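# Survey of secondary and tertiary structure
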Amino acid sequence: MRYLFGRLMQVGLVMIIVSFVSFSMFNFVGDPLSSLLPEDATAADADRMREALGLNDTVMTQYGRFMTNAVQGNFGISYRLKQPVTELIASRLPATLELVAVSAVIAITFGVTAGVFCGIRPKSWLSKTILSSSLAGVSLPTFVIGIALIYIFAVTLQWLPSSGRGGTVDLGGWKTSLLTVDGWRSILLPAITLSLFQTTMILRLVRAEMLEVMRADFIKFARARGLTDRAINFGHALRNTLVPVTTVIGMNIGGLIAFSVITETVFQWPGTGLMFIQAVGFVDIPVMAAYLLFVAGLFVLISLTVDLLYFLIDPRIRLS
Amino acid sequence: MTQLLDIRNLCIDFPMRNLVLNAVKNFDLQVNAGEIIGLVGESGAGKSTVGNAITGLLGKPGRISSGEVYFQGENIRDYTDEQMRKLRGRRIGTIFQDPQSSLNPLMTVGKQLVETIQECLGLKAKDAEARAIELLNDVGIPDPQSRLNSYPHQFSGGMRQRVVIALALAGDPELIIADEPTTALDVSIQSQILKLIRRICDERGLGVIMVTHDIGVVSEIADRVAVMFRGELVEVGDVNQVLRLPQHEYTQNLIVAVPSPDKRLHRFTCVDLIEGEAAQSKIDVQSHWLGKTNAGVEASVGPAIQVKNMSLAFRLKNSVFKSQRTFVQAVDNVSFDIQQGETFGLVGESGSGKSTVAKIIAGLHFADTGDLSIYGQKIGPKHNDLARRHSRTFLQVVFQDPYSSMNSRMNIRDIVAEPMRFHRLTENESQTRQIVDDLLDHVGLGKTAARRYPHEFSGGQRQRIAIARALASRPRILICDEPTSALDVSTQAQILNLLRDLQDELGLTMLFISHDLPVVRQMCDRIAVMRHGKICEIASNEDLFESPQHAYSQHLLNLMPNLGAA
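Residues numbered from 1 in each chain as written. Chains lettered and ligands numbered in written order. Predicted model: local features only at pLDDT ≥ 70, side-chain atom pairs only at ≥ 80, totals over all residues. Heavy atoms only, no water.

### Section: the interface of chain B and chain A
For the record, the criterion: Residue contacts follow a heavy-atom distance rule, with two residues in contact if any of their heavy atoms lie within 4.5 Å. Using a 1.4 Å probe, buried area is obtained as the accessible area two parts lose upon being combined, added over both of them. In the sections that follow, a salt bridge refers to a side-chain nitrogen of Lys or Arg positioned within 4 Å of a carboxyl oxygen of Asp or Glu. Between N or O atoms, a polar contact is any pair within 3.5 Å; within protein, one atom must be a potential hydrogen donor and the other a potential acceptor, and residues adjacent in sequence are included only when both atoms are from side chains. What counts as a helix is a DSSP run of H or I of at least four residues, what counts as a strand is a run of E of at least two, and both are numbered from the N terminus. The classification used treats Ala, Val, Leu, Ile, Met, Phe, Trp, Tyr, Cys and Pro as nonpolar, Asp, Glu, Lys and Arg as charged, and all other residues, Gly among them, as polar.
Taken together, the contact pairs 31 residues of chain B with 22 residues of chain A. Together, the buried faces of chain B and chain A total about 2,400 Å²; carbon and sulfur atoms form 59% of this surface. When the area that chain B buries against chain A is broken down by residue, the three leading residues are Phe96, Leu106 and His153 of chain B, summing to 25%. On inspection of chain B and its partner chain A, the count reaches zero salt bridges. For the pair chain B and chain A, the interface holds ten residue pairs in polar contact (both at pLDDT 80 or more). Counting residues per element, the ones that place at least two in the side of chain B that touches chain A are strand S6 (92-95), helix H3 (99-102), helix H4 (109-121) and helix H7 (157-169) of chain B. For the side of chain B that touches chain A, the element with the highest residue contribution is H4 of chain B, accounting for five residues. Partitioning the side of chain B that touches chain A into residue classes produces 13 nonpolar, twelve polar and six charged.

So this is what it looks like as structure tokens:
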């Protein structure tokens with residue numbers, strides 16, 4: 001409990017710092033008036049606008065106002081789309097979250113299974129093949145993989161669509177593409193692209209951890225008690241690799257959201273990443289600031305979840 | 001007595017890249033039900049390899065190249081992997097050295113027991129749990145019912161080893177192979193565990209192979225003893241007979257090397273059979289650079305080290321609120337003097353605070369309260385205190401673990417030369433090199449060692465390097481923190497002899513920390529017994545060992561395994 005309280009304090013601190021950084025963008029990334037006002041506006045128009053937006057107040061007052069609004073879920077109005085930023089993000093979020101979720105599931109399933117296999121049978125030809133091909137996943141940049149997949153599956157073979165979300169179903173404000181065949185066909189390529197790097201990372205980590213744990217004395221002792229290989233590999237060894245693996249998976253889910261900017265651009269996936277790129281192109285500061293805050297919040301939330309998972313996995317942490 | 005195990009002509013090879021290592025050669029051994037056989041030898045003698053071969057757990061690339069192993073009349077070399085797995089746990093149980101690492105840290109003790117019992121005996125979950133409670137009770141764990149839900153880290157070291165024994169017994173085996181079961185434990189716990197193994201062996205009529213390097217342990221518990229040397233069995237026989245009248249030259253050497261708690265000898269009779277000492281060209285230390293004192297170290301009278309009312313508490317739990325913090329008093333109001341040229345021993349069990357005292361003197365921890373003076377100079381509680389910095393040239397430490405106390409990426413010359421270079425003690429590099437070479441010669445390694453790296457040396461050789469490094473800054477005081485507890489007895493004898501010789505030649509003052517009473521008996525002039533951070537008794541060597549005053553000292557002396565009594 002006490003630990004949780006301490007962690008929540010940290011979360012608050014991080015969020016305040018990030019909010020300050022994203023707020024400063026308003027003040028330091030050029031004058032927002034130049035993009036807000038029509039070309040033929042006079043100096044008086046500019047002054048009126050400045051007054052209306054509260055830009056004449058002190059920095060602290062402005063920050064206070066920004067924070068008050070942000071806490072209430074109000075991040076201002078997009079310069080480009082003239083739409084409230086909160087609404088904008090909410091409409092784009094399902095696409096990104098679904099993409100990230102599908103690719104995380106792919107990454108964890110393939111990464112952990114292949115990693116365990118390579119850890120248990122390090123000498124077999126299959127694990128050697130998996131390991132050497134995983135090098136490609138680590139070293140190829142996301143956009144190259146994306147373009148290659150589009151070329152093979154969308155252009156040459158014409159099996160899967162190259163862009164967009166396909167058919168979506170509206171579930172009370174949450175537009176999902178996971179309920180139609182067309183939606184699944186669309187999500188497959190971007191999700192694989194996004195997951196490839198993570199899969200190989202998880203694979204290599206699980207393998208290394210498995211090899212390490214298999215050398216431990218308690219594994220030898222489990223063998224000496226006549227336990228079956230299955231009980232040893234999955235009951236004893238795998239669980240002991242989970243602490244570092246959970247850390248990395250947690251960090252990587254944050255990474256998936258960050259990398260989704262590139263993947264969404266390549267596949268024209270209508271998520272928050274694509275929205276962010278478009279906002280950058282247009283210097284749409286309210287959108288950028290809100291996105292920054294949103295991503296930071298997500299990261300903090302994930303790392304908090306990971307820390308809480310430690311408690312479930314490792315009893316030694318529960319005590320200390 | 002029925003014969004359980006019959007090993008005939010067993011040979012075990014480790015094929016390496018370009019040679020085959022014969023780890024075990026023509027090994028014969030018979031084990032009967034109800035007897036404990038001590039399998040003794042030094043590290044690398046192949047004794048653990050024999051144990052692993054019997055259970056089919058030989059590490060790769062090891063393999064049995066010839067010979068037979070009959071267990072209850074069946075040749076287990078004909079067994080398939082699956083049959084071997086069923087042999088383990090059900091018919092042959094194993095106990096490993098380190099209870100710290102033998103248990104899965106993420107599983108409750110109950111689960112590990114129930115899992116093993118279900119696998120080996122095919123019982124239902126309920127019955128398995130009942131049996132688990134029975135087993136824990138049997139190995140002397142209080143309140144076994146509720147302890148089932150505890151994790152390994154919630155047990156103390158001794159209790160954990162009891163759990164390991166319970167696990168080894170879970171499948172109701174007929175033979176137990178105990179691989180150094182008490183090496184990681186304190187003496188008082190060691191004697192409890194040995195008694196437990198003896199009791200279980202008698203009650204259940206088990207055969208036990210007790211693999212150990214400690215002859216004291218063997219004399220305490222075993223019925224028969226088998227001595228291994230370089231992969232070969234050199235002597236088997238009744239314990240009393242072998243220990244009293246050893247026939248083989250190696251056994252004789254091994255027994256002589258064991259420090260005796262009864263009488264104090266000036267030197268150990270050296271055991272050249274094991275680690276052949278390199279041809280030594282010793283230097284005349286008196287006239288050498290090493291024999292001269294550092295500039296600025298004036299000869300002074302009075303004690304070399306004075307410790308007055310020293311206390312140090314470690315924080316166990318931190319908190320913003322003072323009342324919520326918990327502390328452990330590692331050193332509690334400790335005072336003693338060490339005279340110049342004296343060897344002062346500090347003994348106690350693990351956690352008694354003896355190493356902490358040494359670290360405070362060496363400047364690795366700072367005392368909360370109390371005074372420390374070295375050669376009459378008061379040492380302030382700061383890293384950059386002038387007297388403290390100065391003290392580092394004439395006060396050096398030899399640590400316990402020779403494997404982790406050296407930087408593995410530096411060669412031996414750089415390791416030994418580092419203190420000289422740091423303190424700028426020499427005039428030029430060629431002088432430094434000359435001194436390093438002389439030092440390596442003097443500690444019995446030879447100057448050819450200078451260009452090699454730590455991993456190329458054995459534990460004993462590394463401890464020699466550590467001693468050479470400690471001597472390089474021309475210290476007046478040497479702190480030895482369990483310098484031989486990671487070493488074999490014969491190597492220990494050599495290292496202790498070396499320390500003795502150096503002390504005589506250089507007139508060193510020594511603070512010698514050990515949990516091993518016989519070693520302290522041989523090495524120290526005066527001894528302080530520590531417990532829970534406090535000093536119980538300070539007495540001269542003879543007084544302590546012949547008429548200990550404090551109840552705890554008497555208790556410790558009673559627990560000491562005694563060869564003479566065997």
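### Remarks on the pattern of salt bridges
Residues and elements named next belong to chain B. Counted according to the given criterion, the structure contains 25 salt bridges over all chains. For the salt bridge of Arg91 with Glu74, the shortest nitrogen-to-oxygen distance reads 3.8 Å. Taken together, the positions of Arg91 in the loop between helix H2 (81-87) and S6 and Glu74 in strand S5 (residues 74-75) put the pair 17 residues apart, joining distant regions of the chain. One salt bridge in this structure joins Arg199 and Glu203, with 3.2 Å as the shortest N-O distance. In this pair, Arg199 and Glu203 both sit in helix H8 (residues 187-204), four residues apart, roughly one turn of the helix. Salt bridges sharing common partners tie together Glu82, Arg85, Lys86, Arg90 and Glu119.

### Regarding the domain arrangement of chain A
Residue and element names in this part refer to chain A. This is how it is decided: Residue ranges labeled as domains rest on an automatic or database domain assignment.
Examined at the domain level, chain A breaks down into domain 1 (13-71) and domain 2 (90-319). Counting residues at the interface gives nine residues for domain 1, matched by ten residues for domain 2. Counting across the interface, domain 1 meets domain 2 through zero salt bridges. Here domain 1 and domain 2 share zero residue pairs in polar contact (both at pLDDT 80 or more) between them. Looking at the side of domain 1 that touches domain 2 residue by residue, the class counts come to seven nonpolar, two polar and no charged.

### Some thoughts on the packing of helix H7 (residues 142-156) of chain A against helix H8 (residues 181-214) of chain A
Residues and elements named next belong to chain A. What counts here: Here, axes are lines fitted to C-alpha atoms. For helices the fit covers the stretch in contact, and angles between N-to-C directions go from 0 to 180 degrees. The hand of a helix crossing depends on one turn: near helix anticlockwise from the far one by less than a right angle means left-handed, and clockwise means right-handed.
The geometry of H7 relative to H8 is characterised by a closest axis approach of 9 Å and an angle of 145° between their N-to-C directions. Both H7 and H8 take part in a crossing whose hand is right-handed. Contacts from Thr142, Ile145, Gly146, Leu149, Ile150 and Phe153 of H7 reach H8 at Leu189, Ile192, Thr193 and Leu196. Residues of the contact of H7 with H8, tallied by class, amount to seven nonpolar, three polar and no charged.

### Quick look at the packing of aromatic side chains
Note the following rule: Note on aromatic contacts: the rings of Phe and Tyr and the six-membered ring of Trp form a pair at centre separations within 6.5 Å, being stacked when their planes are under 30 degrees apart, edge-to-face when over 60 apart, and tilted otherwise. Either the NZ atom of lysine or the CZ atom of arginine qualifies as a charge over a ring when it sits within 6 Å of the ring centre and within 35 degrees of the ring normal.
Taken as a whole and assessed by the stated rule, the structure comprises seven aromatic pairs over all chains. Ring pairing ties together the aromatic residues Phe276, Tyr291 and Phe294 of chain A, which thus form one cluster. Seen from the ring of Phe221 of chain A, Arg225 of chain A lies directly overhead, with NZ or CZ sitting 4.9 Å from the centre. Just above the ring of Phe155 of chain B sits the side chain of Arg147 of chain B; from NZ or CZ to the centre is 4.1 Å.

### Points about empty space enclosed by the protein
Residue and element names in this part refer to chain B. Rules: Within this scheme a cavity is a closed region of a 1 Å grid, computed over the protein atoms alone, that accommodates a 1.4 Å probe without allowing it to escape, whereas a pocket is open but has protein on both sides within 12 Å along at least five of seven lines; lining residues each have an atom within 4 Å of a point. Grid points are joined across faces, edges and corners, and a volume is the space filled by probe spheres set on the points.
Overall, the coordinates contain five cavities of 30 Å³ or more when judged by the stated rule. Of the pockets and cavities examined, the largest cavity occupies roughly 60 Å³. Considering the residues around the largest cavity, the lining is formed by Ile95, Ile165, Leu169, Ile176, Ile197, Ile200, Leu206 and Val208. When residues of the lining of the largest cavity are traced back to their parent elements, those giving at least two are H7 and H8. A per-class count over the lining of the largest cavity returns eight nonpolar, no polar and no charged.

### Quick word on the layout of surface pockets
Within this model, the second largest pocket holds a volume of roughly 1,600 Å³. Mapped by element, the contributors of at least two residues to the lining of the second largest pocket are helix H5 (85-120), H8, helix H9 (217-224) and helix H10 (229-266) of chain A together with helix H1 (47-55), strand S4 (63-71) and H2 of chain B. For the lining of the second largest pocket, the element with the highest residue contribution is H2 of chain B, accounting for four residues.

### A closer look at the domain arrangement of chain B
All names here are of chain B. When cut into domains, chain B gives domain 1 (3-257) and domain 2 (289-317 + 326-559). For domain 1 and domain 2, the distance between their C-alpha centres works out to 36 Å. With nine residues of domain 1 at the interface, the matching set in domain 2 holds nine residues. Buried surface at the junction of domain 1 and domain 2, both sides included, amounts to about 940 Å², of which 48% is carbon and sulfur. Where domain 1 packs against domain 2, one counts zero residue pairs in polar contact (both at pLDDT 80 or more). Listed by contribution, the elements that provide at least two residues to the side of domain 1 that touches domain 2 are H8 and helix H11 (249-257).

### Brief notes about the pairing of strand S14 (residues 369-374) of chain B
Residues in a regular strand project their side chains so that they alternate between the two faces of the sheet. Residue and element names in this part refer to chain B. Short version of the rule: We treat two strands as partners when DSSP finds at least two bridges between them.
Examined bridge by bridge, S14 and strand S15 (residues 377-378) share two bridges and lie antiparallel to one another. Residue pairing across strands places Ile374 opposite Gln377, the latter belonging to S15. In this antiparallel pair of consecutive strands, S14 and S15, the connection spans two residues, and Tyr375 shows a positive phi of 50°.

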